[in-house]
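# Structural overview
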Amino acid sequence: MRRTFVTLTAITAALGIAAGATATAADRSPGDAGRDAGPVSRATLQHDADALLDLGAPGVLVALDTPGRDITVRSGYGNVDRKTPVPWNARFRIGSYTKTFVAATVLHLAGEGKLSLDDTVEDWLPGLVRGHGHDADAITVRMLLQHTSGLPDYVAGLLHLFLEEEFEARRFETVTAGEAVRTGLRLDPEDQDTSPGEWSYSNTNYALIGMIIERAAGHSWQHEVRERIIEPLGLRHTYAPDTFPFIPGPHAVGYQRFAEKGLEADPEDPRYGEAVDVTVQNPSWGGAAGEMISTAEDANRFLRALLGGEVLRPAELAEMKKTVRADKFDGPWPGARYGLGLMWVPNSCGGSWSHGGDIPGYKTRNGVTPDGSRSVVVSLNTDSMVPKPGVTAPAGDEAADLIDHALCGTG
């Protein structure tokens, strides 16, 4: 999730892909070729991690996995008051990186013939999506995964995520998937500049996907992700907490600085308040769009396994990598394209696949080479980066240079 979540998507083979079987110019997978990356030094990664402190991160944890060696560095504080570092094995909320796990799970189900990418929302959730001109008969599973449904983002309707007093009062409140969807459907699509068929990131899409998984598989999306992804890959510290508000095991404190005027704040001058501890919170509002917890080790393992062909069959992975232009992400990631729970980001050695995630208190950034041989995960213990006085915010995403250096051997 950006401040509302950052996203990516996936699906395939006995999929019943009819209308999407052949990639068009606007729908094809980016070329996976890129120059071979050279080694990157620990000093370069440490320098890049330190630089994130000037941009407003209390603490930073970076883990790079390569065929030759792994490098882990950290900087700043996991607990600012106690002046203690981010634990090397820290658990953290991964926000919208959850979507990649969920999308891969949908592809599993599609490969088993339990659903099709061309199934509609009305097929699985009859009568749920109505109002503001929404046509559930015209919104497919693929469109949900790829954020081309035109549905508004329910996060914009959860005001307690943006106002400090509201957050403190409602941080333990449970929000079901159905409630999240209904919140999104009450919003006017024109207010969010969304329209059917055009790419526009919306967490409402994945709230619906979570509900469809339950209908198709007979179990919750959390159960299916655990059975199909987490346990087979041995991701021992990755889980979907549902309503459980704590982060078990070692973790950094999650800090958030709320804009004084919430959603009405001037983007050029939001006037953030002081950082507050938001570590403990009921993450059910994120659901299949962003509630999961992981570690840098597990998060890298999943990225490399996914792009390395360990998670999905070739046809399914190919569906996941069919992309459309994500022009609304051009600010942080110029030239970005979005697939099914995966995002393609151009870089100095061609490009990489990724899916970041933002949730109050935590920001996750990552990237993996097209062949899955090299991946990097960056965890920051805030989702509200406020540069130090005199420091200019970068034009793109704060972690973009670090990830480029890690994957391309530059810097």
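Summary of the structure given here. (Residues numbered from 1 in each chain as written. Predicted model: local features only at pLDDT ≥ 70, side-chain atom pairs only at ≥ 80, totals over all residues. Heavy atoms only, no water.)

## Re the environment of G335
Structurally, G335 is set in the loop between β7 (324-325) and β8 (337-338). Exposure remark for G335: the relative accessible area of 30% places this residue in the partly exposed category. Considering only alpha carbons, one finds G335 and N347, 12 residues apart in sequence, at a separation of 9.6 Å. Among residues more than four places away in sequence, those in contact with G335 are R325, D330, W344 and P346. (Helix = DSSP H or I, 4+ residues; strand = E, 2+ residues; numbered from the N terminus. Buried < 20%, exposed > 50% of the residue type's maximum accessible area, 1.4 Å probe, protein only. Contact = heavy atoms within 4.5 Å.)

## Focus on the nonpolar core
The biggest cluster of nonpolar side chains holds 87 residues, and the ones touching the most others in it are F101, L145, F302, L306, V311 and M320. Excluding anything up to four places from it in sequence, V311 contacts A104, H108, I229, L233, F302, A305 and L306. (Core = buried A, V, L, I, M, F, W, Y, C linked by side-chain atoms within 4.5 Å.)

## With respect to the pairing of strand β2 (residues 70-76)
In summary, the side chains of a regular strand alternate between the two faces of the sheet. As defined by bridge partners, strand β1 (residues 59-65) adjoins β2 across seven bridges and the pair is classed as antiparallel. For D65, the partnering residue across the bridge sits in β2 and is D70. Counting the residues in the hairpin turn of β1 and β2 gives four residues. (Pairing = 2+ DSSP bridges.)

## Looking at the packing of aromatic side chains
In this structure the tally under the stated criterion is 10 aromatic pairs. Ring centres of Y97 and F302 lie 6.2 Å apart, and the angle between their planes is 45 degrees; on these two criteria the pair is classed as tilted. Placement of Y97 in the loop between β3 (91-93) and α2 (98-111) and of F302 in helix α10 (residues 296-307) is noted, with a sequence separation of 205 residues between them. This pair shows no difference in class: Y97 is buried, exactly as F302 is. (Phe/Tyr/Trp six-rings, centres within 6.5 Å; stacked < 30°, edge-to-face > 60°.)

## Here we look at the pattern of salt bridges
Tallying each qualifying case throughout the model produces 18 salt bridges. The partner of E316 in a salt bridge is R313, and the shortest N-O contact between them spans 3.1 Å. Owing to a relative accessible area of 43%, R313 belongs among the partly exposed residues under this scheme. (Salt bridge = Lys/Arg side-chain N within 4 Å of Asp/Glu carboxyl O.)

## A short note on helix α7 (residues 203-217)
Taking 1.5 Å per residue, 15 residues should reach 21 Å; α7 reaches 21 Å between its end C-alpha atoms and fits that length. Of all 15 residues in α7, 12 are buried, a share of seventy percent or more. Buried within α7 we find N203, T204, N205, Y206, A207, L208, I209, G210, I212, I213, A216 and A217. Positive backbone phi, approximately 85 degrees, marks G218, located one or two places after α7. (Expected span 1.5 Å × (residues − 1).)

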